[in-house]
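Descriptive structure summary
Chain residues, written in single-letter form:
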Amino acid sequence: MRLHGVIELAVPGERILRQPNVWDKVKRAFGGEPDLRTDKVRASLEATAVVEGTRVALQRLGATNAVSLVIDDQVLFQDREGRPDDLGDLFLAFHDNASVFGAGFSLLRLAVEHEEAGLHMVIEIIARSEHPMDEPAARVVVAGRLKELEPRPGEDADSYRQRVEPLTREATHLEAHRRQFESFVDRLADALRAAMPEARVSILSAEAQVRKPSQRPDTPAPPTSPHYDPYARYYPSPFDSLLTMMMWSSLFSMAMRPDVVVVNEHGDHLGHADDVGADAADVDGGDAGGDAGGDAGDAGDIGGGDFGGDFGGDF
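This is a predicted model, so every value here is computed, not measured. (Residues numbered from 1 in each chain as written. Predicted model: local features only at pLDDT ≥ 70, side-chain atom pairs only at ≥ 80, totals over all residues. Heavy atoms only, no water.)

**Overview of unusual backbone geometry**
- Phi is positive for D72, close to 50°, though the residue is something other than glycine.
- Of note, D72 is situated in the loop between strand 4 (65-71) and strand 5 (74-78).
- Residue D72 is classed as partly exposed on the basis of its relative accessible area, which comes to 26%.
- Within the chain, D85 stands out as a residue other than glycine whose phi angle is a positive 50°.
- Among the residues examined, D85 registers a relative accessible area of 60% and is labelled exposed. (Helix = DSSP H or I, 4+ residues; strand = E, 2+ residues; numbered from the N terminus. Buried < 20%, exposed > 50% of the residue type's maximum accessible area, 1.4 Å probe, protein only.)

So, in structure tokens, the structure goes:
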């Protein structure tokens, strides 16, 4: 089960105009007024305001374990050693580069991780100075997993299955964690409103998701996609396919299913768990993911690491 929430931050902005072409100049010569407006907006948003505002909001919630800060493909901060309570270090790293990135930027990404009430969450703030008219200037993506469903260091596929499979059948337990996640997203939105009064803060979603098994591989969504999952980016699991199959199978053994949304491998909504009939248990060729345990076992023993291995190479 994946937990996924999105908070949107809208700020004032102005319509971006394109350069006039030859036809526009001809039209003006005859007294006309060409429409130079594009479908993009330049937001009145500075990197300093984003970093400082989110720092204040996260500190109010006790989410002070920084992961990274990347502005326009420049890594300003990256916690390779897994040090706790280092959000202040991230802010100092940004302050040292404020003369370069304090105002203008194209894409800003600030990520922290937080553990609370049995949940492990990655919170990533994604801000753009220029954005489509129908999208906000910034989004806060909260992606989480249940800690007890995470692989343990040195755990192989068989041991993981034996430990986790009974947990996937506890509908009441899963529903309680979903509500805890929803509460956290609500509190984060309130903290952002208090820290960034110039922004219009709204919750787009806060939900638990179960992915429908498929023989097609997952296609990781980019940070600007509405389906972007920062948890999967920083903490990829070798047992993700195995957990997907166990969660999917467990849905059909529950008298009362938890309030979860069914998504495909791209993250698109397919419906609600209550809408999924028993005939859907055999999906995409029937044996999708059937060898997930063996495939996961081929990944070998998993290690620790602060954000799952290959983080630096992604940039």
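That was the structure; now back to the text.
**A look at the pairing of strand 9 (residues 138-146)**
- Counting buried positions along strand 9 yields nine of nine residues, so the element is predominantly enclosed.
- Neither face of strand 9 is left uncovered, since the one carrying A138, V140, V142, G144 and L146 and the one carrying R139, V141, A143 and R145 both have all their residues buried.
- Looking at chain direction, strand 1 (residues 2-10) and strand 9 are connected through seven bridges and run antiparallel. Across the sheet, the residue bridging to I7 is V140, located in strand 9.
- Taken together, the nine bridges between strand 7 (residues 119-128) and strand 9 define a ladder with antiparallel strand orientation. Residue H120 lies in a different strand from strand 9, and its bridge partner there is R145. (Pairing = 2+ DSSP bridges.)

**Re the environment of P151**
- Residue placement: P151 occurs in the loop between strand 9 and helix 5 (157-164).
- Expressed as a C-alpha distance, the spacing of P151 and P238, which sit 87 residues apart in the sequence, is 8.3 Å.

**Examining the pairing of strand 12 (residues 269-272)**
- The sheet contact formed by strand 11 (residues 260-263) and strand 12 spans three bridges and is antiparallel. What sits directly across from V263, in strand 12, is H269.
- Following strand 11, the chain reverses through five residues before pairing antiparallel with strand 12; G267 in that reversal takes a positive phi of roughly 95°.

**Things to note about the side chain of E124**
- You can see E124 is positioned in strand 7.
- With residues near it in sequence (within four places) discarded, E124 still touches R109, L110, A111, R139, V140, V141, Y228, P230 and Y234. (Contact = heavy atoms within 4.5 Å.)

**Things to note about the sheet that holds strand 6 (residues 107-116)**
- Strand order in the open sheet formed by nine strands is 5-4-6-7-9-1-10-11-12, and the pairing between neighbours is mixed. The two strands at the open ends of the sheet, each matched to only one other strand, are strand 5 and strand 12. Each neighbouring strand pair of the sheet contributes to a mean axis angle of 25°, computed without reference to strand direction.
- One ladder, built from four bridges, connects strand 10 (residues 200-211) with strand 11; its direction is parallel. Along strand 11, the bridge assignment pairs A208 with V260.
- Contacting strand 4, strand 5 and strand 6, helix 3 (residues 87-96) crosses the sheet at an angle of about 20° to strand 4.
- Each of strand 1, strand 6, strand 7, strand 9 and strand 10 touches helix 6 (residues 171-195); the most contacted strand, strand 10, lies at about 160° to it. (Axes fitted to C-alpha atoms, helices over the stretch in contact; angles between N-to-C directions.)

**Focus: a nonpolar patch on the surface**
- Residues V22, W23, V26 and F30 make up a contiguous nonpolar surface patch of roughly 520 Å² in combined accessible area.
- Locating F30 in the fold gives a position in the loop between helix 1 (22-29) and strand 3 (37-43).
- Its relative accessible area of 75% is what places F30 among the exposed residues. (Patch = residues over 30% accessible without salt bridge, like charges linked within 9 Å, V, L, I, M, F, W, Y side chains within 5 Å. Areas by Shrake-Rupley, 256 points an atom, 1.4 Å probe, with all protein chains shown as cover. Salt bridge = Lys/Arg side-chain N within 4 Å of Asp/Glu carboxyl O.)

**Section: the packing of helix 5 against helix 8 (residues 240-251)**
- At a minimum axis separation of 11 Å, helix 5 and helix 8 run at an interaxial angle of 30°. Comparing their axes, helix 8 and helix 5 come out roughly parallel. In the packing of helix 5 onto helix 8, the handedness of the crossing is right-handed. Facing A157, Y160, R161 and V164 of helix 5, the residues of helix 8 in contact are L242, L243 and M246. (Parallel < 35°, antiparallel > 145°, perpendicular 65-115°, else oblique. Left-handed = near helix turned anticlockwise from the far one by under 90°.)

**Details of the packing of aromatic side chains**
- By the definition in use, this model includes two aromatic pairs.
- An angle of 35° between the planes, with centres 5.5 Å apart, marks the rings of Y231 and Y235 as tilted.
- When its relative accessible area of 18% is taken as the criterion, Y235 is described as buried.
- Directly above the ring of F91 sits R55, whose terminal nitrogen or CZ lies 4.3 Å from the centroid. (Phe/Tyr/Trp six-rings, centres within 6.5 Å; stacked < 30°, edge-to-face > 60°. Lys NZ or Arg CZ within 6 Å of the ring centre and 35° of its normal.)

**A closer look at the confidence of the model for the protein**
- Residues with a pLDDT of 70 or more make up 81% of the protein, whose mean pLDDT is 83.
- Confidence over residues 278-315 falls short of pLDDT 50; this stretch has 63 contacts with residues more than four positions distant or in other chains. (pLDDT = per-residue confidence, 0-100.)

**As for the pattern of salt bridges**
- For the structure shown, the criterion picks out 16 salt bridges.
- Residue R2 is joined to D240 by a salt bridge in which the shortest nitrogen-to-oxygen separation is 3.0 Å. Pair noted here: R2 is in strand 1 and D240 is in helix 8, with a separation of 238 residues, a long-range link.
- One salt bridge in this structure joins D79 and R83, with 3.9 Å as the shortest N-O distance.
- For D79, a relative accessible area of 0% gives the class buried.
- Connected through shared salt-bridge partners, E175, R178, R179, E182 and D259 make up one network.

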